[in-house]
Amino acid sequence: NGADRLMDPTLGIIVHYKLTPTKQTEEPSFSYITQYLTTTTYLPIDRDKKFILAGRATLGSIWGASKHSIPPSERLYAGSDNILRGYHYLTVCPLQDNKPIGGRSLMAFSLEARMRIRDPFGLVLFYDVGNVYSQSWPQFNHKQLQSAGFGLRYHTPVGPIRLDIAFPFNRRKHLDNYFQVYFSIGQSF
């Protein structure tokens, strides 16, 4: 962690790697490894740190057992207030009859322009792109889902309270709405 602040960073880089080995000992026996690598960077545009460019890259992968052996709750999904905003909740992944079945790899990128308008209020413009794939490696020739939006921030001593509105560029018929609204505590990354 090389960021200047934990709850609302304005400068620096954070790299987070998580590795989770899993082994089922009962029959049928199988094992797999889930790993995530997330890198975030924060760059102030002005001296007072009122305008911040923030970026995040997330890669995830599951190696080992076949996809159908891995419990659905352990598979990879996106579409939330943090990863690929704008898409129906946890449906950015392989689908079967328009139902999410989860994937084995994830690649997602986010870019935010954060602006403090007048303390304690702020505005955010954001762009997200990525997808979840059925293979253990992201499929670069696969369609990338994109979304953009804006948000309001109310900054508190323990981090911002946020309200985001996101619009999917690749709206999937009968699955995604024209926009999604998110209310959360803390920055999206």
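To be clear, the structure that these remarks concern was listed above.
Residues numbered from 1 in each chain as written. Predicted model: local features only at pLDDT ≥ 70, side-chain atom pairs only at ≥ 80, totals over all residues. Heavy atoms only, no water.

Q: What is the right way to look at the pattern of salt bridges in this model?
A: As a working rule, side chains carrying opposite charge can pair if their charged atoms are close by. Under the defined criterion, the tally for this structure stands at 11 salt bridges. The partner of K49 in a salt bridge is D4, with the nearest N and O atoms 3.3 Å apart. Of this pair, K49 sits in the loop between β2 (30-44) and β3 (51-64) while D4 sits in the segment before β1 (12-24), placing them 45 residues apart in sequence. Judged by its relative accessible area of 34%, D4 is partly exposed. A salt bridge links D164 to R85, with the nearest nitrogen and oxygen atoms 3.7 Å apart. Residue D164 is found in strand β9 (residues 159-168), and its partner R85 is found in the loop between β3 and β4 (95-96); the two are separated by 79 residues along the sequence. Taking the relative accessible area as the measure of exposure, D164 reaches 0% and is therefore buried. We classify R85 as buried; its relative accessible area is 0%. One network of salt bridges, in which partners are shared, links D81, R85, E112, R114, D128, R153, R162 and D164. (Salt bridge = Lys/Arg side-chain N within 4 Å of Asp/Glu carboxyl O. Helix = DSSP H or I, 4+ residues; strand = E, 2+ residues; numbered from the N terminus. Buried < 20%, exposed > 50% of the residue type's maximum accessible area, 1.4 Å probe, protein only.)

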